[in-house]
Amino acid sequence: MENKRDIRTLTLEELQDIFIALGEKPFRGKQLYEWLWKKGLRSFDEMTNLGKDLRNYLDTHFVINHISVDDMQRSTDGTIKNAVKLHDGKVVESVLIPTDKRITACISSQVGCSLDCTFCATARLKRMRNLNPDEIFDQVVTIKQQAEQFYGRPLTNIVFMGMGEPLLNYNNVLKAIEKITSPDGLGMSPKRITVSTVGLEKMIRKLADDGVTFRLAVSLHAAIDETRDQLMSVNLKNPLNELLASLQYWYAKTKSRVTFEYVVWRGINDDERHIDALVAFCKKVPSKVNIIEYNPIDDGPYQQADPAIVEWYREKLEAAGIKAMVRRSRGKDIDAACGQLANKNEVALTT
Ligand code: SAH
């Protein structure tokens, strides 16, 4: 049992090789691949176009490791939060966010997080491990099914804004996106996928070099180094001028506008100096800004700024020709909003 190999770690070519070795036609590999990645099946027995003997062979030598939804909570605003159990018992969270026009899946890329942004609940959990491509993929499949089951609508967008820093799990995130976008997989448009990062400049350059076609978002929160240093210690090693240079490089290569995520906190960045710094920063690289509401976490010292200041930010950005949206949080009553994912119901992980 224990040494059966997880079939979803194999490439299409490797799947074809299994069948060739058995004296079967290579197209069987493609059939198997599609059951795994297009239909998201979790047992060989359901793969009806493969004969019984082949299915038995696969079952004897391989497993399909998969996630399971341990707990599902529904918010009064329709948001659904899943506590997702991985095959080794660890838990991550992923969220379905419905709006009039879209259904968005917010998914996790790591168990916990190694960064220590002072305002984020996920940062309280230490990073335990990276998610595998199939664990990332399965979160999308789960939410796709829930979208159909609970809303009768298709999943339209995916954001890597759950737990973890996607660019610190670079290869697995890209492999998962490959499966999500490929016509042999879920066939979703990369334009509807957004990867959000704290702003690791080397990895942003790598994304650009690798020619990715999904969208990029950066959690900025301050365009003044001394403020950002305090909020996000990652800024000490990735200061704003380097971040900016990497984003200019990204834009030059991809022609894709970056989205900045920005929270306005009372007494931290709620003044004209910070507004002007953000406007100046945004003018240097094609970008837009999502001003997100602060979601209080248990004992944090931070408070949401006065709405008038948020409006002041929006007006000044718009006046400079920079698109800015103020985003209200969703799923706050079930701790499903940005920065609130902390496996609150999972005692084993937090103690
Ligand atoms: N590590 C990546 C992916 C996580 S995205 C990144 O930081 O971009 C989660 C988003 O929620 C980030 O923009 C983060 O800055 C923001 N966030 C974290 N804590 C928050 C809180 N308490 N209230 C509102 N937004 C928060």
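Values in this document were obtained by computation on a predicted structure and should not be read as measured data.

(A) Summary view of unusual backbone geometry. In this model, His221 sits at a positive phi of 65°, which is unusual for a non-glycine residue. Assignment of secondary structure puts His221 in the loop between strand S11 (215–219) and helix H7 (225–231). Assessed through its relative accessible area of 4%, His221 is described here as buried.

(B) Highlighting the site of the ligand. Inspection of the region around the ligand gives 21 residues, with Ser196, Ser219, His221, Glu261 and Asn295 positioned closest. The contact in question runs from an oxygen atom of the ligand to an N or O atom on the backbone of Thr197, over 3.3 Å. Asn295 is positioned with one of its backbone polar atoms (N or O) 2.9 Å from a nitrogen atom of the ligand. When the ligand sits alone it has 540 Å² of accessible area, and the protein chains cover 96% of it. Going through the elements one at a time, strand S10 (193–197) and strand S12 (258–263) are the ones with two or more residues in the shell around the ligand. Residue composition of the shell around the ligand, by class: 10 nonpolar, 8 polar and 3 charged.

(C) Representation of the pairing of S10. Of all 5 residues in S10, 5 are buried; the element is thus mostly enclosed. Residues Ile193, Val195 and Thr197 point to one face of S10 and Thr194 and Ser196 to the other, with burial holding for every one of them. Crossover connection from strand S9 (residues 157–160) via helix H5 (residues 170–181) to parallel S10: handedness right-handed. With 4 bridges connecting them, S10 and S11 associate as parallel partners. Paired with Ser196 across the two strands is Ala217, which belongs to S11. With respect to chirality, the unit in which S10 leads through helix H6 (residues 201–209) into the neighbouring parallel S11 is right-handed.

(D) Highlighting a positive patch on the surface. A grouping of Lys101, Arg102, Lys191, Arg192, Arg215, Arg257, Lys288, Lys323 and Arg327 is seen on the molecular surface, where their side chains present a positively charged patch. On the basis of relative accessibility, which here comes to 78%, the residue Lys101 falls in the exposed class.

(E) Spatial organisation of the packing of aromatic side chains. Per the counting criterion, the structure on display carries 7 aromatic pairs. Between the aromatic rings of Tyr294 and Tyr302, the centroid separation amounts to 6.3 Å while the plane-to-plane angle is 70°, which identifies the pairing as edge-to-face. With respect to burial, Tyr294 and Tyr302 carry one shared label: buried. Through successive ring pairs, a cluster of aromatic residues spans Phe119, Trp265, Tyr294 and Tyr302. A cation sits over an aromatic face here: Lys39 above Trp35, 5.1 Å from the ring centre. One residue, Lys179, lies across the ring of Trp37, its end atom 4.7 Å from the ring centre.

(F) Structural detail: the domain arrangement of the chain. As assigned here, the chain comprises domain 1 (5–63) and domain 2 (68–349). The partner domain 2 presents 10 residues to the 9 residues of domain 1 that form the contact. Interface of domain 1 and domain 2: buried area, both sides summed, is about 1,000 Å²; carbon and sulfur atoms make up 47% of it. Inspection of the region where domain 1 meets domain 2 yields 3 salt bridges. A salt bridge links Asp138 to Arg8, with the nearest nitrogen and oxygen atoms 2.7 Å apart. The element contributing the most residues to the side of domain 1 that touches domain 2 is helix H2 (residues 27–37), with 5 residues. Classifying every residue of the side of domain 1 that touches domain 2 gives 3 nonpolar, no polar and 6 charged.

(G) Highlighting helix H4 (residues 133–151). Compared with an ideal rise of 1.5 Å per residue, which puts 19 residues at 27 Å, H4 spans 27 Å between its outermost C-alpha atoms and is within 8% of the ideal. The positive-phi residue at the C-terminal boundary of H4 is Gly152, with phi of around 60°.

(H) Here's a closer look at the confidence of the model for the chain. On average, the chain scores 93 in pLDDT, and the residues at 70 or more come to 97%. Under a pLDDT of 50 for its full length, residues 347–351 has, in the predicted model, 7 contacts with residues more than four places off or in other chains.

The rules behind each value
Residues numbered from 1 in each chain as written. Predicted model: local features only at pLDDT ≥ 70, side-chain atom pairs only at ≥ 80, totals over all residues. Heavy atoms only, no water. Helix = DSSP H or I, 4+ residues; strand = E, 2+ residues; numbered from the N terminus. Buried < 20%, exposed > 50% of the residue type's maximum accessible area, 1.4 Å probe, protein only. Near = heavy atom within 4 Å. Polar contact = N/O pair within 3.5 Å; in protein donor to acceptor, adjacent residues only side chain to side chain. Areas by Shrake-Rupley, 256 points an atom, 1.4 Å probe, with all protein chains shown as cover. Nonpolar A, V, L, I, M, F, W, Y, C, P; charged D, E, K, R; others polar. Right-handed = clockwise from strand over helix to strand, strands pointing away. Pairing = 2+ DSSP bridges. Patch = residues over 30% accessible without salt bridge, like charges linked within 9 Å, V, L, I, M, F, W, Y side chains within 5 Å. Salt bridge = Lys/Arg side-chain N within 4 Å of Asp/Glu carboxyl O. Lys, Arg positive; Asp, Glu negative; His and termini not counted. Charge placed at Lys NZ, Arg CZ, Asp CG, Glu CD. Phe/Tyr/Trp six-rings, centres within 6.5 Å; stacked < 30°, edge-to-face > 60°. Lys NZ or Arg CZ within 6 Å of the ring centre and 35° of its normal. Domains from an automatic or database assignment. Contact = heavy atoms within 4.5 Å. Buried area = accessible area lost by both parts, 1.4 Å probe. Expected span 1.5 Å × (residues − 1). pLDDT = per-residue confidence, 0-100.

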